Amino acid sequence: MDADLYDEFGNYIGPELDSDDDDDDDEEDGYQDNDGDMNGYDDDDDAQQGDEEEEVSTQAVVLHEDKQYYPSAMDVYGPDVETIVQEEDAQPLTQPIIQPVKVKKFSHVEKDLPITSYQMEFLADLMDAPCLIRNVSLIGHLHHGKSTFVDCLISQTHPEFRTKEEAPVRYTDTLLTESERGLSIKATPITLVLPDVRNKSYLMNIYDTPGHVNFSDEVTAAMRLSDGVVLFVDAAEGVMLNTQRLLKHAVQEKLAVTICINKIDRLMLELKLPPQDAYYKLRHIVEEINSLLLQYTDQENPTVISPLLGNVCFASSQHSLCFTLKSFAKLYSQHYGYDIPLEDFARRLWGDIYFNPRTRKFSKKPPTSTAQRSFVEFILEPLYKIFAHIVGDVDTHLPGLMEDLGIHMSKEESRMNIRGLIKLFMTKFIGDFEGFVDMCVEHIPSPQANGRQKVEVTYTGPLDTELSENMMQCDPEGPLVVHTTKQYPNQEATTFHVFGRVLSGTLHANQDVRVLGEKYTLMDEEDSRILTVGRLWIYEARYNIEVNAVPAGNWVLIEGIDESIVKTATITDLPPSSELQIFRPLKFNTHSVIKIAVEPVNPSELPKMLDGLRKVNKSYPLLSNKVEESGEHVILGTGELYMDCVMHDLRKMYSEIDIKVADPVVSFCETVVDTSSLKCFAETPNKRNKITMIAEPLERGLAEDIEGEIVQINWDRRRLGEFFQTRYDWDLLAARSIWAFGPDHSGPNILVDDTLPSEVDKTLLSGVRDSIVQGFQWGTREGPLCEEPIRNCKFKILDAVIAGEPLHRGGGQVIPTARRVAYSAFLMATPRLMEPYYFVEIQAPADCVSSVYTVLTKRRGHVTQDAPVAGSPLYTIKAFIPAIDSFGFETDLRMHTQGQAFCLSVFHHWQIVPGDPLDKSIVIRPLEPQPATHLAREFMIKTRRRKGLSEDVSINKFFDDPMLLELARQDVTLNYA
């Protein structure tokens, strides 16, 4: 090898060599001989060459980065599909790339219509007969057995309905949260066909309501649609806090009252009372309810309840047992085959009446010293024996007992556990709840019979028109009028179905109707919409029965008209020219005093939260929400459990976003404790008008009378004057000079015209009366201390200089001036803050009473009563506690008593906070508990800060310059800047 042709690395550097390309070209092209024939590759050679080229291409070296292991997106989806490639994961690993289809489920729903003991057509036919309908609300204290009682009625009418042996199904607790918490949150209606003692069928519209005091607004909504109530009382616990409140509320609504003494099995199995003591316990409950009815009803014609009258029934929901004296008399009649008059026999089964076995007659005197009362002998002792035989040695005694009573059970049924066996035995022995139906039929009027009373209590319009007469007669042929009080969300919680009662006419599916809201009046028709009704249903808790039309007297669930309804509504097919007015908004027996501020964690989700707030506001009758001037969204409710349920629904059902919640606070009120120290005046901006006022506290009890509508501003002057003169010893002239209540028609403040005709031109003053009233109501709605409502104040107009020209005394001049002079009079009358107080009822064993006192004392609470519960080992402690100190009270109480104490608290009254809110010498240090005398100042400052106001009340805002000069001249010391 020539060394010059290669470098030191062995690379060729010599002259260019001849290329083989020409030879290759010749070979590829072939050659042509002289004959002109083509001698080269034939067709077979061409094909062979093509195969060699393909082979070469497949053996070509492909770089690693050019290799394709998987098909590309274009290969898979085609060129029409846009693909996006992301370098980093935008989703957390816990979140799937393709989300599964989310199925919302917030309530229990039946998949198909269940089998019932009656035909659905029969139920629909009964709707056309108002005299065979009963609209009933089941009311009572927490855990007194209302929902379990409805379960018994369901099992009676639905053959395939089966309860678990240990726990009841609680069929009317449709929400999943109700099942988890173990208590009813919403009032749920159910419609059943049930027979009475004579086996005559009635259409029973039954409203199962919550027993917790926080949800008493649901009870109010249910009562508005009902003609009567069945008050449930636990036989062991007796009359409790909510029993009293609901009984009073039912009397105020003028509803028929009947009683069901439930859980009588607790007297036997839990308290182990002998039959005679059990009778005394039952009689004590009846007497206690009668004494309450005497307090609440008209003294001349009081309502009386008694088993002898038939308006008391006895029950044990857990063991499927319910009877009245009449139904038990029927049981004896059937068993012994005697054809005895049931009413006569039933009348001898209660009270101090004894049976003499020798003469076989009843007498008021005991025949022997050991003789028992007839109720004990004929009812309680047989029940005690049945319970004793089944709970005791069941295998020995049960066969003989069944043979005596003519009851048959299969071997499998006989081997059931004790609770299930008692329930089955009672179902076979007592039978259906005929006594309950009989009590409702006899003592609760039909929609037709109660029409006049219902319209008088709820309707705001005149009662002497043809339309009112149609509603009173429950006429299905009259003009359509429906009153709605509740809204229930659909299964996905996206829209609401409206629940109400048809008072007149017949409501048809797909009908065009006018929906009138709570703000509708004949003068202002803005709150009305024309909408089309969707489908109509009969609400059955976990399933609905669709119907085409619903006549007067019935309850109905309506689709498609919820958009414009907030709380209650009046639905009609009458034109706007008609004189129809709305039904009264619901009047609740409690107040919303708990406030929480909410905001979304992600600010961009504010519209979702606002939509959720709108929906949750529809769902809860008493709930209200408002936007403070600082921009925060505030929700007002009745208590901790109530607010917890509201926030659960807001977060999970209606908005599905993360929401931040501020610490709960309470509503305050502002009041005065003295008369204004001098006459306060204010001039209008144009200096042409001048109003002089003073403020002073109202008489004790007057504010409560106004709020309870015992006295109303729309009464004529003579009646108003008589009321104030006789009840509160007012001067007749002053009583007839009342201009307004504030901040609304039932507000606890009064504006009085105390001017003299000799000093003031009454004609000019009456010309600006509406403007002064508006300014007064504006002022009492937001007081000067911390923009909370004013309460318990009387404002007197002492003097007024009014411009003669109408141009100079317009509303823009007078309204702000009236508000300012009301504020200045208020600040000169020793202003104070008021806070809400809760009434707390605590049940605890005797050894826990001292711990209860300890917990209450820590929270500024004080005990008013401490007494043992008759016939039980428990004590009832009644106390008052400030609402602001009640947060976490229940948890604290249970912790100190090892979970043995149970409490319920409800708003009771307003009380003045100790201390002067305007005392500038008080220094509020952060994170330090304040002494009692500093509380008013602390509450005021912190409320003002939260609302975005300046820290202290500024007098320049409320006092004119001439007024300040007058203050300086009279040497009045102001202890605020």
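Residues numbered from 1 in each chain as written. Predicted model: local features only at pLDDT ≥ 70, side-chain atom pairs only at ≥ 80, totals over all residues. Heavy atoms only, no water.

In the nomenclature of an unreviewed UniProt entry, the protein chain is known as Tr-type G domain-containing protein of Meganyctiphanes norvegica. Its UniProt record gives the protein chain the following Subcellular location (unreviewed entry) comment, quoted word for word: "Nucleus". (UniProt positions renumbered as here; feature names shortened; annotations may be inferred.)

> Explain the overall build of the protein chain to me, and be specific about the residues and the numbers.
Within the protein chain one finds 31 helices and 36 strands. With respect to the principal axes defined by its C-alpha atoms, the protein chain has extents near 150 × 100 × 65 Å. Going through the 977 residues of the protein chain one by one, you find that 51% of them count as buried. For the protein chain, restricting intrachain contacts to residue pairs at least 6 apart in sequence, the fraction spanning at least 24 positions comes to 72%. Separation between the mean location of the 95 positive side-chain charges and that of the 153 negative ones in the protein chain comes to 23 Å. (Helix = DSSP H or I, 4+ residues; strand = E, 2+ residues; numbered from the N terminus. Buried < 20%, exposed > 50% of the residue type's maximum accessible area, 1.4 Å probe, protein only. Contact = heavy atoms within 4.5 Å. Lys, Arg positive; Asp, Glu negative; His and termini not counted. Charge placed at Lys NZ, Arg CZ, Asp CG, Glu CD.)

> Break down the environment of Glu841 for me, citing the residues and quoting the values.
By the element assignment, Glu841 lies in strand β33 (residues 831-845). A relative accessible area of 6% places Glu841 in the buried class. Considering only alpha carbons, one finds Glu841 and Asp866, 25 residues apart in sequence, at a separation of 9.9 Å. In this structure Glu841 touches Met240, Leu241, Thr876, Ile877, Lys878, Phe902, Cys903 and Leu904, once residues within four positions along its chain are discounted. A distance of 2.9 Å separates a polar side-chain atom of Glu841 from the backbone nitrogen of Leu241. (Polar contact = N/O pair within 3.5 Å; in protein donor to acceptor, adjacent residues only side chain to side chain.)

> Describe in detail the sheet that holds strand β28 (residues 680-683), supporting the description with residues and values.
Pairing within the open sheet is mixed, and its five strands lie in the order β28-β29-β32-β31-β30. In the strand order of this sheet, the two ends are held by β28 and β30 (738-742), each with one partner. Averaged over all neighbouring strand pairs, the angle between strand axes comes to 25°, with direction disregarded. Across eight bridges, the pairing between strand β29 (residues 690-697) and strand β32 (residues 793-801) is antiparallel. What sits directly across from Thr692, in β32, is Asp799. Packing of helix α27 (residues 811-827) onto the sheet brings it into contact with β28, β29 and β32, and relative to β29 it is tilted by some 40°. (Pairing = 2+ DSSP bridges. Axes fitted to C-alpha atoms, helices over the stretch in contact; angles between N-to-C directions.)

> So what's going on with the pattern of salt bridges? Which residues, and what values?
One pass over the full model with this rule turns up 44 salt bridges. Between Arg266 and Glu270 there is a salt bridge, with the nearest N and O atoms lying 2.8 Å from each other. A salt bridge links Glu559 to Arg535; the shortest N-O distance between them is 3.0 Å. In this pair, Glu559 sits in the loop between β20 (555-558) and β21 (569-572) while Arg535 sits in the loop between β16 (528-532) and β17 (536-539), placing the two residues 24 residues apart along the sequence. Taken together, the shared-partner salt bridges connect Asp234, Glu237, Lys263, Arg266 and Glu270 into one network. (Salt bridge = Lys/Arg side-chain N within 4 Å of Asp/Glu carboxyl O.)

> Now, about the packing of aromatic side chains: what can you tell me, with residues and values included?
Aromatic rings in a pair are described by how distant their centres are and how their planes are angled relative to each other. In this structure the tally under the stated criterion is 40 aromatic pairs. Where Phe723 meets Tyr728, the ring centres are 6.1 Å apart and the plane angle is 55°; that geometry is what we call tilted. As far as burial versus exposure is concerned, Phe723 and Tyr728 are alike and both buried. The residue whose ring lies beneath Arg542 is Tyr171, and the NZ or CZ to ring-centre distance is 5.1 Å. Cation over ring: Lys690 sits above Phe681, and NZ or CZ is 4.4 Å from the ring centre. (Phe/Tyr/Trp six-rings, centres within 6.5 Å; stacked < 30°, edge-to-face > 60°. Lys NZ or Arg CZ within 6 Å of the ring centre and 35° of its normal.)

> Mind laying out the confidence of the model for the protein chain, listing which residues take part and the relevant values?
Overall, the prediction assigns the protein chain a mean pLDDT of 88, with 94% of residues at 70 or greater. When the criterion is pLDDT under 50, residues 23-41 qualifies, and its contacts beyond four places in sequence or with other chains add up to 12 contacts. (pLDDT = per-residue confidence, 0-100.)

> Could you give me a rundown of the pairing of strand β3 (residues 133-140), with the residues and numbers involved?
A large share of β3 lies buried, amounting to eight of its eight residues. A two-sided burial pattern is seen for β3, the buried positions comprising Ile133, Asn135, Ser137 and Ile139 on one face and Arg134, Val136, Leu138 and Gly140 on the other. Two strands pair when backbone bridges link them, and β3 and strand β5 (residues 201-208) are joined in this way by six bridges, in the parallel orientation. Each residue of the ladder has a partner; that of Leu138, found in β5, is Asp208. Bridge count between β3 and strand β6 (residues 228-234): five bridges; the pairing is parallel. Paired with Ile139 across the strands is Leu231, a residue of β6.

> Tell me about the nonpolar core, and name the residues and values.
Residues Ile635, Ile772, Phe795 and Ile842 are the most contacted members of the largest nonpolar core, which totals 101 residues. Those residues in contact with Ile772 that lie beyond four places of it in its chain are Ile691, Met693, Trp739, Leu751, Leu765, Ile797, Val814 and Ala818. (Core = buried A, V, L, I, M, F, W, Y, C linked by side-chain atoms within 4.5 Å.)

> I'd like to hear about unusual backbone geometry, residue by residue, with values.
The step from Gly742 to Pro743 runs through a cis peptide bond, and the omega angle for that step is 10°. Relative to the helices and strands, Pro743 resides in the loop between β30 and β31 (749-753). Of note in this structure, Arg170 is not a glycine but carries a positive phi near 55°. With respect to the helices, strands and loops of the structure, Arg170 is situated in the loop between α5 (146-157) and α6 (176-181). Among the residues examined, Arg170 registers a relative accessible area of 19% and is labelled buried.

> If you had to explain helix α10 (residues 275-296) to someone new, which residues and values would you point to?
Under the 1.5 Å per step criterion, the end-to-end length of α10 is 32 Å for 22 residues, consistent within 8% with the ideal 32 Å. All of the buried residues in α10 are Pro275, Ala278, Tyr279, Lys281, Leu282, Ile285, Val286, Ile289, Leu292 and Leu293. Relative to the axis of α10, the buried residues are bounded by an arc of 165° and lie together on one face. Against β6, α8 (241-252), β7 (256-262), α9 (265-269), β8 (312-316) and α13 (374-391) lie the buried residues of α10. (Expected span 1.5 Å × (residues − 1). Arc of directions from axis to C-beta.)

> Go over helix α26 (residues 769-781), please, and point to the residues and values.
Between the first and last C-alpha of α26 there are 18 Å, a value that for 13 residues agrees with the 18 Å anticipated at 1.5 Å per step. Of the positions making up α26, those classed as buried are Ser771, Ile772, Val773, Gly775, Phe776, Gly779 and Thr780. Against the buried residues of α26 lie β29, β30, β31, α25 (762-767), β32 and α27.

> Can you break down the sheet that holds β16 residue by residue, with the values?
The sheet built from eight strands is open, its strands ordered β16-β15-β21-β12-β13-β20-β17-β18 with antiparallel pairing. The two strands at the open ends of the sheet, each matched to only one other strand, are β16 and β18 (544-547). Neighbour to neighbour, the strand axes of the sheet diverge by 35° on average, direction disregarded. Of the strand pairs in this sheet, strand β12 (residues 481-489) and β21 are connected by four bridges, and their pairing is antiparallel. Directly across from Val482, in β21, lies its bridge partner Ile571.

> Describe in detail the packing of helix α7 (residues 216-225) against α8, supporting the description with residues and values.
The contact between α7 and α8 brings their axes to 11 Å, and the two run at 30°. Judged by the angle between their axes, α7 and α8 are roughly parallel. Classified by chirality, the crossing of α8 by α7 is right-handed. Judged by residue contacts, Val219, Thr220 and Met223 of α7 engage Leu246, His249 and Ala250 from α8. (Parallel < 35°, antiparallel > 145°, perpendicular 65-115°, else oblique. Left-handed = near helix turned anticlockwise from the far one by under 90°.)

> Give me the lowdown on the state of the cysteines, citing residues and values where you can.
Here is the idea: a disulfide is a covalent bond, and it sits between the sulfur atoms of two cysteines. Across all of its chains, the model carries zero disulfides by this definition. In this structure Cys440 is a free cysteine whose sulfur lies 7.6 Å from that of Cys313, the closest cysteine sulfur available. Left without a disulfide partner, Cys903 is nearest to the cysteine sulfur of Cys848, which lies 13 Å away. The exposure class assigned to Cys903 is buried, which follows from its relative accessible area of 3%. (Disulfide = S-S within 2.5 Å.)

> So what's going on with the packing of α8 against α10? Which residues, and what values?
Following both chains from N to C, one finds α8 and α10 inclined at 45°, their axes separated by 10 Å at the closest point. When the axes of α8 and α10 are compared, the pair comes out oblique. For the crossing formed where α8 meets α10, the hand is right-handed. Touching Gln244, Leu247, Lys248 and Val251 of α8 are Ile289, Leu292, Leu293 and Tyr296, all from α10. A class-by-class count of the residues in the contact of α8 with α10 yields six nonpolar, one polar and one charged. (Nonpolar A, V, L, I, M, F, W, Y, C, P; charged D, E, K, R; others polar.)

> How would you sum up the environment of Phe232? Please name residues and give values.
Locating Phe232 in the fold gives a position in strand β6. Take Phe232: its relative accessible area is 0%, and that puts it in the buried class. Note: C-alpha distance between Phe232 and Lys146 (86 residues apart in sequence) is 6.8 Å. If we skip the residues at most four places from it in the chain, Phe232 touches Leu138, Ile139, Gly140, His141, His144, Gly145, Lys146, Phe149, Cys260 and Asn262.

> Can you lay out the environment of Asp89 for me, pointing to particular residues and giving the numbers?
Looking at the secondary structure, you find Asp89 in the loop between α3 (73-77) and α4 (120-126). With 646 residues separating them in the primary sequence, Asp89 and Ala735 have C-alpha atoms 77 Å apart.

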